[in-house]
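Chains, contacts and geometry: an overview
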Amino acid sequence: MSSLMTDQTFRFFRTFAETHTGIVLDADKEYLVESRLVPVARAHGFASLDAMAAALMKRLPGALNKEVQEALTTNETSFFRDIHPFEMLRTVILPDVIARRRNDRSLTIWCAAASTGQEPFSVAMLIREHFPDLVDWKIKFIATDLSRPVLARAREGLFSQLEVNRGLPAPLLVKYFTRQGAQWQLREDIRQMVEFRELNLLERWPALGKCDVVMMRNVLIYFDVETKREILARCRELMPAHGYLMLGSAETTLMIDNSLRRVTGHKGIAYQLTTDAPIGRGQLHVA
């Protein structure tokens, strides 16, 4: 098939991506659209990306619409990515939340845009390693993504040598994984700590309850300001007074949402509601 597409088709896919996923594609990303969508078009028997765009314009099959959304979504992830946020979780955030939740012995964590699971599994291993007292707590740990294929991979907990080489400390690899041929299988008890669900951040969010920790790292960077503002407002509704929101290192709420204040600890950054209760345990600096 021909991978070339007209300027009109490229504009259509840029609009499609922003409408359905919130991702803003720059005008120089034509190569990226082609590389990601040519396999989808070929699988559905289209002679070109122009032909596939024409089908989507007619609102033809829903499955195709979903596959194009998933193909345009970035699924970059790794274990313990940008290590400082995980150190802040270990030394500041989780000790503070645990102290506040000690009476009801419950903890709720939501990891958005979880991709193939490395981030939530990193948190699960961190909890198992450093907070053994939580073993008999009621822990609700939800990880979401809009892509069904990556969620299916995440539930398997099966990773390549390259994937475990990216950020996973060797002692944790030996302790929590077993070799399966050329791949590594995460232990079942760690996999079962995390519930994976399908969720598109631009659509209606299912009932998640109040989340002590919301991890939405390296997600907002792809959205325009109004979409960022809307998503942050929805996050605030999920956060109790003591809750924490964790964003990526290149992301901020500054000039977007004044209801969230920045807190730092162990070189990491998180956000809390400006009207939250006095901060408990943990070495925090409020900016």
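Nothing here was measured: the structure is a model prediction, and the numbers come from that model.

1. What to know about the overall build of the chain
Scanning the chain from terminus to terminus reveals 11 helices and 11 strands. The globule rule puts the C-alpha radius of gyration for 287 residues at 19 Å, and the 20 Å found for the chain is close to it. Each of the three principal axes of the chain carries a C-alpha extent, and together these read 60 × 50 × 30 Å. A buried classification covers 51% of the 287 residues belonging to the chain. Expressed as a percentage of contacts within the chain between residues at least 6 apart in sequence, the contacts between residues at least 24 apart total 74%. One way to put it: in the chain the 37 positive side-chain charges average out to a point 4 Å from where the 34 negative ones average out.

2. Some remarks on the packing of aromatic side chains
Taken as a whole, this structure holds nine aromatic pairs when the rule is applied. Between the aromatic rings of W110 and W205, the centroid separation amounts to 5.1 Å while the plane-to-plane angle is 70°, which identifies the pairing as edge-to-face. Taken as a pair, W110 in strand β1 (residues 106-111) and W205 in the loop between β6 (195-198) and β7 (213-216) lie far apart in primary sequence, 95 residues in all. A relative accessible area of 0% means that W110 is categorised as buried. Clustering of aromatic rings is evident, with ring pairs tying together F79, F121, F159, F177 and F196.

3. Concerning unusual backbone geometry
Its identity is not glycine, yet A113 carries a phi of approximately 50°, on the positive side. By secondary structure assignment, the location of A113 is in the loop between β1 and α6 (118-130). The class of A113 is partly exposed, set by a relative accessible area of 38%. For N218, which is not glycine, the phi dihedral falls at a positive 60°. Within the fold, N218 resides in the loop between β7 and α11 (225-238).

4. Examining empty space enclosed by the protein
Counted under the stated rule, the structure contains one cavity of 30 Å³ or more. If you trace the largest cavity, you find 25 residues lining it, with T74, A113, D145, N218 and V219 closest to the centre. For the lining of the largest cavity, the residue count by class is 10 nonpolar, 10 polar and five charged.

5. With respect to the pattern of salt bridges
Taken as a whole and assessed by the stated rule, the structure comprises 19 salt bridges. Of the charged contacts, one joins K29 and D26 as a salt bridge, the two residues approaching to 3.9 Å between their closest N and O atoms. Residue K29 is classed as partly exposed on the basis of its relative accessible area of 23%. Note that R101 and D104 form a salt bridge whose closest N and O atoms lie 3.0 Å from each other. According to the relative accessible area criterion, D104 is partly exposed, its value standing at 41%.

6. Thoughts on the sheet that holds strand β3 (residues 158-160)
Ordered by their spatial adjacency, three strands build an open sheet running β3-β5-β4, and the pairing between neighbours is antiparallel. At either end of the open sheet lies a strand with only one pairing partner, and these are β3 and β4 (177-180). Strand after strand, the sheet turns through a mean of 35° between neighbouring axes, direction not considered.

7. Thoughts on the nonpolar core
The biggest cluster of nonpolar side chains holds 47 residues, and the ones touching the most others in it are F13, M52, V68, W110, L201, M216 and L245. Every residue in contact with F13, bar those within four places of it in the chain, is listed here: M5, L25, V33, L37, L49, M52, A53, L56, V68 and L72. If you look at the next biggest cluster of nonpolar residues, it comprises 46 residues, including F131, W137, L168 and M215.

8. Structural notes on the layout of surface pockets
Gaps between atoms show up when a probe of the same size as a water molecule is rolled over them. Taken as a whole, the largest pocket encloses approximately 270 Å³ of empty space. Along the walls of the largest pocket sit 17 residues, with G248, S249, E251, I269 and Y271 positioned nearest its centre. Going through the elements one at a time, α5 (84-100), β9 (260-265) and β10 (268-273) are the ones with two or more residues in the lining of the largest pocket. Residue composition of the lining of the largest pocket, grouped by class: six nonpolar, six polar and five charged.

The rules we used
- Residues numbered from 1 in each chain as written.
- Predicted model: local features only at pLDDT ≥ 70, side-chain atom pairs only at ≥ 80, totals over all residues.
- Heavy atoms only, no water.
- Helix = DSSP H or I, 4+ residues; strand = E, 2+ residues; numbered from the N terminus.
- Rg over C-alpha atoms; globule rule 2.2 N^0.38 Å.
- Buried < 20%, exposed > 50% of the residue type's maximum accessible area, 1.4 Å probe, protein only.
- Contact = heavy atoms within 4.5 Å.
- Lys, Arg positive; Asp, Glu negative; His and termini not counted.
- Charge placed at Lys NZ, Arg CZ, Asp CG, Glu CD.
- Phe/Tyr/Trp six-rings, centres within 6.5 Å; stacked < 30°, edge-to-face > 60°.
- 1 Å grid on protein atoms, 1.4 Å probe; cavity = no way out; pocket = protein on both sides within 12 Å on 5 of 7 lines; lining within 4 Å.
- Points joined across faces, edges and corners; volume = space filled by probe spheres on them.
- Nonpolar A, V, L, I, M, F, W, Y, C, P; charged D, E, K, R; others polar.
- Salt bridge = Lys/Arg side-chain N within 4 Å of Asp/Glu carboxyl O.
- Pairing = 2+ DSSP bridges.
- Axes fitted to C-alpha atoms, helices over the stretch in contact; angles between N-to-C directions.
- Core = buried A, V, L, I, M, F, W, Y, C linked by side-chain atoms within 4.5 Å.

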